[in-house]
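# Residue-level structural notes
So you can see what is in the structure, the chains are spelled out below.
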Amino acid sequence: VQLQASGGGLVQAGGSLRLSCSVSGRTESNYYMGWFRQAPGKEREFVAAIKWGGGRPNYVDSVKGRFTISRDNTENTMYLQMNSLRPEDTAVYYCAARTWGLSGVFTRRNAFDTWGQGTQLTVSS
């Protein structure tokens, strides 16, 4: 599977933006798909994830109620809808996939084996 993130940009605080992750190649319903972000000088952190075949999404506490992860299997695309953006959301956002192992809920970076290139989100105050 190959991933390509897009949709980043410059947004004012309180605004909204939707990131897309184009998924190509072989996909399986049990793949676990996620979004991570990395701010300057910080570690890459988990943001949200969902099973490619559907199910309950998982979010980091700081984005709950503001971000929504979804996927469109017919379009082979994963999305991250981001509302009520804050300056602290500024980061490079990466989409990732876990394509091996048992199904479950994963948030650690090393649980994901496939990564797309990042897309920059900047939220101005």
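Attention here is on the structure that accompanies the text. Not measured: the values here are computed from a predicted model.

To continue, consider the packing of aromatic side chains. Scanning all chains against the criterion turns up six aromatic pairs. The interplanar angle of 75° and the centroid separation of 5.8 Å between the aromatic rings of Tyr32 and Phe106 together place this pair among those described as edge-to-face. Note that Tyr32 is positioned in strand β4 (residues 32-38) and Phe106 in the loop between β9 (91-98) and β10 (114-115), a separation of 74 residues in sequence. Seen in terms of ring centroids, Phe36 and Phe46 are 5.7 Å apart; in terms of plane orientation they differ by 80°. Their pairing is edge-to-face. Of this pair, Phe36 sits in strand β4 while Phe46 sits in strand β5 (residues 45-51), and the two are ten residues apart along the sequence. With respect to burial, Phe36 and Phe46 carry one shared label: buried. Of the aromatic side chains, those joined through ring pairs into one cluster are Tyr32, Phe36, Phe46, Phe106, Phe112 and Trp115. The side chain of Arg44 reaches across the aromatic face of Tyr94, ending 3.6 Å from its centre.

By secondary structure assignment, the location of Pro57 is in the loop between β5 and β6 (58-59). On a C-alpha basis, the gap between Pro57 and Met33 in space is 9.7 Å, while along the polypeptide they are 24 residues apart. Beyond its immediate stretch of four places on either side in the chain, Pro57 contacts Ala49, Ile50 and Ile69.

So, how was this worked out
- Residues numbered from 1 in each chain as written.
- Predicted model: local features only at pLDDT ≥ 70, side-chain atom pairs only at ≥ 80, totals over all residues.
- Heavy atoms only, no water.
- Phe/Tyr/Trp six-rings, centres within 6.5 Å; stacked < 30°, edge-to-face > 60°.
- Helix = DSSP H or I, 4+ residues; strand = E, 2+ residues; numbered from the N terminus.
- Buried < 20%, exposed > 50% of the residue type's maximum accessible area, 1.4 Å probe, protein only.
- Lys NZ or Arg CZ within 6 Å of the ring centre and 35° of its normal.
- Contact = heavy atoms within 4.5 Å.

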